[in-house]
Each structure stands twice: as C-alpha cells, then as structure tokens.
Amino acid sequence: MFHAILIIVVILILLRAIHYAWISFPIITGFNAKLMCTCIFVSGRNQKDIERSDLKKFPLNIANNKINHTDLSVTSTILGLAKKKAIYRKGIGCTLINDITEERLRGHKFEIPLQPIQNTDRIPWPMGDKISDSIPAAITKHQLDAAVEKAFTEPHPRKKQRTRAVVVLYDGQLVAEKYATGFNKNTKMYGWSVAKSITAALIGTLVKDGKLDVSQPAPVPEWNNVTDLRHAITLENLLQQTSGLDFLEKYTKASDVTNMLYKEDNVAAFAAGHKLAHPPGMVFNYSSGNSNILARIIRQATGEKNYASYPYNALFYKIGMYSALFEPDGSGTYVGSSYINATARDYARFGLLYYNDGIWNGERILPEGWVSKTRIAPPGNQLKNYGYQFWLNGKDEKNPSQIKYPDAPADLFYCDGFGYQFINIIPSKKLVVVRLGLTLDDSFDENEFLKSIIESIQLSE
C-alpha cells in the first residue's frame, strides 16, 4: 500500500513538473533570448555581465544562452528544450521568433529616418549634450550629489538595488548625473513599461493632427461589429487602463502578459482577442495588452508606409531623443508596452516634454490639454493612481490607506518600468528625475530617493 501511494505521489510530481516545463520553459527561454539579444547588440554589454545580474535569478538562470555574432542572434534553451531565438536587425533592435519563420521575419522592411548629422556635444542641452557648468542658486549642490550617490550605494550585502543611471533636471537644466560601472551617457537601456508612456505620447500626436479621437470607440478590427460588447471600448479607456478586457498582468508565472510577450508574434492581436471581464470604463486593470493595442492603432492611423518612421519623425527626433529605439514584434508592430531603449538623458528629454506641457522649443508636440488629462485618474480607478499611461501619486496598491510616495508632492506623475525604471516629473519642484537600474528585491526606496532630491532644493529656496 505504501509503495503504491509513493508511486502515485511520484507520478503526480512528475506530471506537475512536466506541466510546468511545458507552460513555463518557452517563457523563460523567450525572455532570455530577447533580453540577451537587446543587451548585447543594442546596449553593447557582455554576456557574463548580463547572466551575472539580469538573468541570475531563478528560474531565468536555468536557461543556456548562445550568442551568434555572425547572424546577430541569441538562442536560448533549457536542457536542449524550449528553444527560442531572437534576432537583431540594425535600426530596429531585437525581435523574438515564435510562429513566424526566420526568413520571413528577416524579410520585413523598416524605413527608419536617419538622424540629423551633427555633433550633439557642441549643441546646448536639451537638444544637444553640451551641459552648462553653472548650478542654479536654488540647489544645494553637495546635498544633491549626496542624494544621487546614495542611489548607487547598496543598502545591505544581501540587497541589490543596482542603480545604473541617474539624471536630474531642475527647471529644464541638467544639474546632476551619475552612472554605474559599465554604463555611461551613451548606453541605451531598457525602459520596459516606460514604453507605455511613450506610446501614449504618440497617440497624443495623432490626436493633435485630428487622426484619432479619444472619446470614440477604439479602431480595433476585432471589435468592429457593433454587437460586440468590446466595440464600446474607447481610445481613452485603453489609455487609462479601464478597457475592461480580461487580461492578467502577472510576471511570476505564465499569464496573459508573459504568454503575449514571449509566445506570440502579433502581440496586439493576442490582446485584442480577449473577452470583457468588466464594462468598459468601470474598473482599472493595468494591462500591457491595452498598450500594445494602442501601438497597433498607431500603425493603422499612420499607414504602413509611414508607421516605422513615425515615432522618430513625430517625437524622438523633434526633442533630441536620438538614441531612442522601439523594437517590433514578429508582425512588425512596435511593442508599445515594453520594448523601448534609450539613454538616461533621452528618457530625461521625454520627461521634460511633459514637464513643459507638451511643448518643445516653441512647437506644440502634444495637443493642448493632453498633459493635464494625463494627470487625471478616471472614475474607474479607485486608487487615483493612473492617467494616460502614466502613474500618479495616488494611493498605494499594497496599502490603500497611504499615498504611494508620501514625501513627494501630490503633482508628481511618472513613468515606471520593470526593475525600477523611473521618469519622475514634479512640476511644483521644477524637477524631472530619471533613475534606471535592475532592482529585483524592492531594495530601492523611490520615496526616500525623491525626498532627498527635493530636500536638496528646498533648503536653499
């Protein structure tokens, strides 16, 4: 009897392990291949450093990654299984291969406009990288430098906040900047969900040009039939994450978001195929699916001929974000939820655009009132912590009785990406603060960091 029970238990454990491997291994290898490809061919990092930091944590560290510098690709497997390959193409970064053939993927044509030929080191900030040595009288420089330095100091031997870059702007001027070893002002770094905020800005440019209307039903082919309940989802619902779609955003297991990013070639079609869980506009549900649907709407609104170049012509090159790189999925649509790469300075430029109400060098890039709407949470968001693909300083999700960042002003709004990527915009303090890194253990205290930056200004004002 005992042996029979033992055999049953062993069989159940094996079945559970096989099920886990079947579901999760392709996500693990997909993540490894995609991240390794981008970090090597876009960011210029080395494999050992990536595996020692970005991919060290279980279960990511069970994959084996092979770099091919001849065809510019990365292939990842686990015990020879769940093979995933990501390829690099100049100008558009890395794309994970799923059902599409590699030959067909490599055959996609992307016309990315050449950036202006100029020496940005001779052009004053913010269009260029010539930084003024003068410090505004409102800033206590030694205190600001100490606040920045602390962000790079590990709080405990077992804690790894891994700050890689900090850039601080005061009233538009770059007043503090620091990088970790191996990173510098020219290093392109993943923004992850910072991509959502940039996707929203691109939607804004199309609204300004009269090509989209946020109050109208979102132009999504899967929802065209007026009898489809999803037809009522507006563009604003997608921007505010109140579409009502039944989409699970969880990264610790196989979920809608991990299946979408690492198993699908057409991420927007995957997301748009989900059913409703709630009536549109009624419930806030943070979803990368909504953001990728927005990215495909941009493609539809601009047309195939102009789509690849649109982010560069309409946004990046207009504000000096010359390093910015959006990576596409297998269908050719930019992954508007997650795959943006740029330097810390260029992320700061993006924050500065919103700090200046969508105006750059006298030109209105975003429609009038767009930034104001970005900073308003919809009725369906009970925590009042999200606007147009930007986070707001509302209530804390883990403790709704408290404000998320109690020591930061109420007008703080920010981009937030995996690993604690932040673009913080605080109009009342004239601040834009960028922090990039790889914090996987919650050891980076964003509230304390912002508080120390703010105090370096408040003391002398």
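Residues numbered from 1 in each chain as written. Predicted model: local features only at pLDDT ≥ 70, side-chain atom pairs only at ≥ 80, totals over all residues. Heavy atoms only, no water.

1. Considering the overall build of the protein chain
Spelled out, the test is: To qualify as a helix, a DSSP run of H or I must reach at least 4 residues; to qualify as a strand, a run of E must reach at least 2; elements of each kind are numbered from the N terminus. Each radius of gyration is computed over the set of C-alpha atoms, and the globule rule expresses the reference value as 2.2 Å times the number of residues to the power 0.38. Throughout, exposure labels follow a simple rule: accessible area from a 1.4 Å probe, protein chains only, divided by the maximum for the residue type, with under 20% read as buried, over 50% as exposed, and the rest as partly exposed. By definition in these notes, contact holds between two residues if any of their heavy atoms fall within 4.5 Å. Residue exposure ignores everything except the shown protein chains as possible cover, and the areas themselves are Shrake-Rupley values with a 1.4 Å probe.
The secondary structure content of the protein chain amounts to 14 helices and 15 strands. Relative to the compact-globule value of 23 Å for 461 residues, the protein chain shows a C-alpha radius of gyration of 22 Å, a close match. Across the 461 residues in the protein chain, those meeting the buried criterion constitute 56%. In the protein chain, of all internal contacts separated by at least 6 residues, the share reaching a separation of at least 24 is 63%. As presented, the protein chain carries roughly 20600 Å² of accessible surface, and 55% of it is formed by carbon and sulfur atoms.

2. Some details on the sheet that holds strand S5 (residues 163-170)
Which entries qualify depends on this criterion: Strand pairing requires that DSSP identify at least two bridges connecting the strands.
Strand order in the open sheet formed by six strands is S6-S5-S15-S14-S13-S12, with antiparallel pairing between adjacent strands. If you trace the sheet from one side to the other, it starts and ends with strand S6 (173-179) and strand S12 (391-392), each paired once. Sheet topology places S5 next to strand S15 (residues 431-437); seven bridges connect them, and they run antiparallel. Across the sheet, the residue bridging to Ala165 is Leu436, located in S15.

3. Let's talk about the side chain of Ser197
With respect to the secondary-structure elements, Ser197 resides in helix H5 (residues 194-208). With residues near it in sequence (within four places) discarded, Ser197 still touches Phe350, Tyr354, Gln389, Phe390 and Cys415.

4. Things to note about the state of the cysteines
When the sulfur atoms of two cysteines share a covalent bond, that bond is a disulfide. In plain terms, the rule: Note on terminology: pairs of cysteine sulfur atoms within 2.5 Å are recorded as disulfides.
All told, the structure shown has one disulfide when counted by the stated rule. The disulfide partner of Cys37 is Cys94, and the gap between their sulfur atoms is 2.3 Å. Of note, the bridge from Cys37 to Cys94 carries an S-S torsion of about -80° and is left-handed in sense. Taken together, the residues span a long stretch of sequence, with Cys37 in helix H1 (residues 2-41) and Cys94 in strand S4 (residues 93-97) at a distance of 57 residues. Of the residues examined, Cys37 reaches a relative accessible area of 0% and is grouped as buried. With no disulfide of its own, Cys415 lies closest to Cys39 among cysteine sulfurs, the gap being 20 Å.

5. A short note on the pairing of strand S2 (residues 73-78)
Of all six residues in S2, six are buried; the element is thus mostly enclosed. Burial along S2 is two-sided: Ser73, Thr75 and Thr77 and Val74, Ser76 and Ile78, pointing in opposite directions, are all buried. As defined by bridge partners, strand S1 (residues 64-68) adjoins S2 across five bridges and the pair is classed as antiparallel. What sits directly across from Lys66, in S2, is Thr75. Here S1 folds back onto S2 in antiparallel fashion, the turn holding four residues, of which Leu72 has a positive phi close to 55°.

6. What about helix H12 (residues 344-355)?
Rules: To estimate the expected span of a helix, count its residues, drop one, and scale the result by 1.5 Å.
Across its 12 residues, H12 extends 16 Å between first and last C-alpha, which sits within 8% of the 16 Å expected from 1.5 Å per residue. In terms of residue burial, H12 counts as a mostly covered element, since 12 of its 12 residues are buried. Ala344, Arg345, Asp346, Tyr347, Ala348, Arg349, Phe350, Gly351, Leu352, Leu353, Tyr354 and Tyr355 are the residues of H12 that are buried. In the stretch just after H12, Asp357 is the one whose phi turns positive, near 60°.

7. Observations concerning the sheet that holds S2
As a reminder of what qualifies: Think of each axis as a best-fit line through the C-alpha atoms, taken over the contacting stretch in the case of a helix, with angles from 0 to 180 degrees between the N-to-C directions.
Read from one edge to the other, the open sheet built from four strands follows the order S1-S2-S3-S4, with strand pairing classed as antiparallel. Looking at which strands have only one partner, the edges of the open sheet turn out to be S1 and S4. Each strand axis lies, on average, 20° off the axis of its neighbour in the sheet, ignoring direction. Of the strand pairs in this sheet, strand S3 (residues 81-89) and S4 are connected by five bridges, and their pairing is antiparallel. Paired with Lys85 across the bridge in S4 is Ile97.

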